[in-house]
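Residues per chain, in single letters:
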Amino acid sequence: MKADPAAQRRLLDLAEVDAELGRVLHRRTTMPELAEVAAAEQAVRGGTDARVAVQTQLDDLDREVARQEKEIDAVRSREERDRSLMAGGTLGSKQLTDIEHELGTLLRRRSVLEDDLLELMERREAVEMDLRHAAVELDKATAALTAATSRRDENLADLDTTQARRDAERVKVVAALPEPLLALYERKRSRGGIGASLLRARRCGACQIEIDRRELAQIKAAGADEVVEHEECGAILVRTAESGL
């Protein structure tokens, strides 16, 4: 293929633009903030689950405390009724003995219930402390997520700006290139390599391999408008005064 030497040199501008666009794409998928955000999101999920679990424990204890208090109140009411009957002075001897026996049973029952309630309240206090701790940890995780997300978004905004500028530059460079030369460049680049590079001091700028004498002789013999390619990596070699030919 033949192409004006000036058009070939413009391939270097296009390659530079594409190289930065490639760096932008790489940065979008590898920036540390992405991992930070993912880790922070996981921490928030874990913190939320932990808080929900502790809150569930606390709710269960609250229901158990309420049930226990209700049962204690019922026993107290029964005690008060028995004492009222005993104070009324209308009971017979057997009835009085039965009520005294029942009252003793109620007192023992209330004592057990109150001990159980005290234990429940102590457990509730410990779980409440766990809940406060879980809330603090969740707040920390949420703050870390907010900060990481902000840094990620700032970086993405910078990358968007760079990409928009380079995309605009690419449109201008591409418009000035002959279609056959551009198509060859795009084919080279589509294979995962660099489409074009400067031949500097007998070294390929794409793969950094020094060109051997045989190939270098062929390049020297080629006309200025001949499009030459590096046999090793396939990149279009753009020749300038720096090529050392």
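Higher on the page you've got the structure.
What this report covers is the structure whose coordinates are included nearby. (Residues numbered from 1 in each chain as written. Predicted model: local features only at pLDDT ≥ 70, side-chain atom pairs only at ≥ 80, totals over all residues. Heavy atoms only, no water.)

1. Looking at the overall build of the chain
A count of helical and extended segments in the chain gives five helices and four strands. Ordering the α and β elements of the chain from the N terminus gives α-α-α-α-β-β-α-β-β. Expected size for 245 residues packed as a compact globule is a radius of gyration near 18 Å; at 42 Å, the chain overshoots this value by more than 25%. Along the first, second and third principal axes, the C-alpha set of the chain runs to 135 × 35 × 25 Å. (Helix = DSSP H or I, 4+ residues; strand = E, 2+ residues; numbered from the N terminus. Rg over C-alpha atoms; globule rule 2.2 N^0.38 Å.)

2. Thoughts on the pairing of strand β1 (residues 196-200)
Buried residues dominate β1, accounting for four of its five residues. By the bridge criterion, four bridges tie β1 to strand β4 (residues 236-239) in an arrangement that is parallel. Pairing of Ala-196 across the sheet is with Ile-236, part of β4. Bridge count between β1 and strand β2 (residues 203-204): two bridges; the pairing is antiparallel. Paired with Leu-199 across the two strands is Cys-204, which belongs to β2. Hairpin remark: β1 followed by β2, antiparallel, with two residues in the connecting loop; positive phi at Ala-201, about 50°. (Buried < 20%, exposed > 50% of the residue type's maximum accessible area, 1.4 Å probe, protein only. Pairing = 2+ DSSP bridges.)

3. Points about unusual backbone geometry
The backbone of Ala-201 sits at a positive phi, close to 50°, despite the residue not being glycine. Within the element layout of this structure, Ala-201 appears in the loop between β1 and β2. Look at Ala-201 and you get exposed, because its relative accessible area is 53%. Residue Gln-208 is not a glycine yet carries a positive backbone phi of 65°. Taking relative accessible area as the criterion, Gln-208 reaches 47% and is therefore assigned partly exposed.

4. Here we look at the sheet that holds β4
On the basis of which strands lie adjacent, the open sheet formed by four strands has the order β2-β1-β4-β3 and mixed pairing. The open sheet has two free edges, formed respectively by β2 and β3 (228-229), since each of these has just one partner strand. Direction of pairing for β3 relative to β4: antiparallel, over a ladder of two bridges. Counterpart to Glu-229 in the pairing with β4 is Ile-236. Relative to the sheet, helix α1 (residues 5-30) contacts β1 and β4, its axis offset from that of β4 by approximately 120°. (Contact = heavy atoms within 4.5 Å. Axes fitted to C-alpha atoms, helices over the stretch in contact; angles between N-to-C directions.)

5. Side note on the pattern of salt bridges
All told, the structure shown has 34 salt bridges when counted by the stated rule. For Glu-137, the salt bridge identified is with Lys-140, shortest N-O distance 3.6 Å. Taken together, the residues span about one helical turn, with Glu-137 and Lys-140 both in helix α3 (residues 93-175) at a distance of three residues. Here Glu-137 falls in the partly exposed class, since its relative accessible area comes to 36%. Close ionic contact of Arg-203 with Glu-210 constitutes a salt bridge, the shortest N to O distance being 3.6 Å. (Salt bridge = Lys/Arg side-chain N within 4 Å of Asp/Glu carboxyl O.)

6. Quick word on the environment of Gly-22
Assignment of secondary structure puts Gly-22 in helix α1. A relative accessible area of 36% places Gly-22 in the partly exposed class. Sequence separation of Gly-22 and Gln-163 is 141 residues, and the distance between their C-alpha atoms is 9.6 Å.

7. Digging into the nonpolar core
Where a protein is soluble and globular, its nonpolar side chains tend to be buried together. Within the largest apolar cluster, 15 residues are counted, with the highest numbers of intra-cluster contacts made by Leu-11, Leu-177, Leu-181, Tyr-185 and Ile-236. Contributing elements (two or more residues each) for this core: α1, α4 (179-190) and β4. Leu-58, Leu-61, Leu-113 and Leu-120 belong to the second-largest nonpolar core, a separate cluster that totals 12 residues. (Core = buried A, V, L, I, M, F, W, Y, C linked by side-chain atoms within 4.5 Å.)

8. Some remarks on the packing of α1 against α3
Relative to each other, α1 and α3 sit at 160°, their axes nearing to 10 Å. Here α1 is positioned roughly antiparallel relative to α3, judged by the angle of their axes. With respect to the hand of their crossing, α1 and α3 are arranged in left-handed fashion. Of the residues in the contact of α1 with α3, the class split is eight nonpolar, three polar and 13 charged. (Parallel < 35°, antiparallel > 145°, perpendicular 65-115°, else oblique. Left-handed = near helix turned anticlockwise from the far one by under 90°. Nonpolar A, V, L, I, M, F, W, Y, C, P; charged D, E, K, R; others polar.)

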